[in-house]
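# Overview (structure and organization)
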Amino acid sequence: MAARLKAKAVTESGPRACFEARKERKGKKDLIARFGGIPLRQDKRAVINDPAPVPVRTPPRELIYRLRRRRCELCEHGTTVAVHQVTKLADLGAQGTGQPAWAVLMARMRRKTLVVCQECHEQIHANPVARAA
């Protein structure tokens, strides 16, 4: 196959060896696919003009905004806060009666994290939600 597709390409710096597939068409120019045939000579006068990369600014995450407010999302007190986190929202159980206020709030916000004050955080751990199968 290499011998069948072997060809010479004429370049500015002389003929170069390449592989060429040619499809002849009636009334139109031939379709030519060429691999190779380029001079691999170093151009010492070449100048590389790469544009400087544009820095991409990503906005801070929503959790960062919620932490910076320093307000408990349960009792709205402005104090030192902690983050309560559940593994997945399904761990909160089925929605309905008997759910603690913090579980209802997390389900409504559709967030696995809840920014709460120390007192509320202790209350959450003292009254865990009963999992629904």
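Higher on the page you've got the structure.
Residues numbered from 1 in each chain as written. Predicted model: local features only at pLDDT ≥ 70, side-chain atom pairs only at ≥ 80, totals over all residues. Heavy atoms only, no water.

Another aspect to go through is the overall build of the protein chain. When helices and strands are counted, the protein chain shows four helices and five strands. In the protein chain, the succession of helices and strands from N to C terminus is α-β-β-β-α-β-α-β-α. The C-alpha atoms of the protein chain give 34 Å as radius of gyration, which overshoots the globular expectation for 133 residues (14 Å, by more than 25%). For the protein chain, the spread of C-alpha atoms along the three principal axes comes to 85 × 45 × 30 Å. In the protein chain, which comprises 133 residues, the share counted as buried stands at 23%. Within the protein chain, contacts between residues at least 6 apart in sequence are counted, and of these 48% link residues at least 24 apart. As displayed, the protein chain has an accessible area near 11300 Å², and 54% of this comes from carbon and sulfur atoms. (Helix = DSSP H or I, 4+ residues; strand = E, 2+ residues; numbered from the N terminus. Rg over C-alpha atoms; globule rule 2.2 N^0.38 Å. Buried < 20%, exposed > 50% of the residue type's maximum accessible area, 1.4 Å probe, protein only. Contact = heavy atoms within 4.5 Å. Areas by Shrake-Rupley, 256 points an atom, 1.4 Å probe, with all protein chains shown as cover.)

This part takes up the nonpolar core. In summary, soluble globular proteins display a tendency toward joint burial of nonpolar side chains. One finds Leu-92, Trp-102, Met-106, Leu-114 and Val-116 to be the most contacted residues of the largest nonpolar core, which totals 14 residues. When residues of this core are traced back to their parent elements, those giving at least two are α3 (101-109), β5 (113-117) and α4 (118-126). Leave out the neighbours within four places in its chain, and Trp-102 touches Leu-74, His-84, Val-86, Leu-92, Leu-114, Ile-124, Asn-127, Pro-128 and Val-129. (Core = buried A, V, L, I, M, F, W, Y, C linked by side-chain atoms within 4.5 Å.)

Take the sheet that holds strand β2 (residues 14-23) next. A sheet is described by the order of its strands in space; here three strands give the open sequence β1-β2-β3, paired in antiparallel fashion. Sheet topology places β1 (6-11) and β3 (31-36) at the edges, where each strand pairs with a single neighbour. Ignoring strand direction, the axes of neighbouring strands in this sheet form an average angle of 50 degrees. (Pairing = 2+ DSSP bridges. Axes fitted to C-alpha atoms, helices over the stretch in contact; angles between N-to-C directions.)

Of note, Arg-70 is a non-glycine position whose phi angle comes to about 55 degrees, a positive value. Within the secondary structure layout, Arg-70 lies in the loop between α2 (62-69) and β4 (81-85). For Arg-70, a relative accessible area of 57% puts it in the exposed group. One non-glycine residue, Arg-110, adopts positive backbone phi at about 55 degrees. Structurally, Arg-110 can be placed in the loop between α3 and β5.

Any functional reading would require information beyond the geometric quantities listed.
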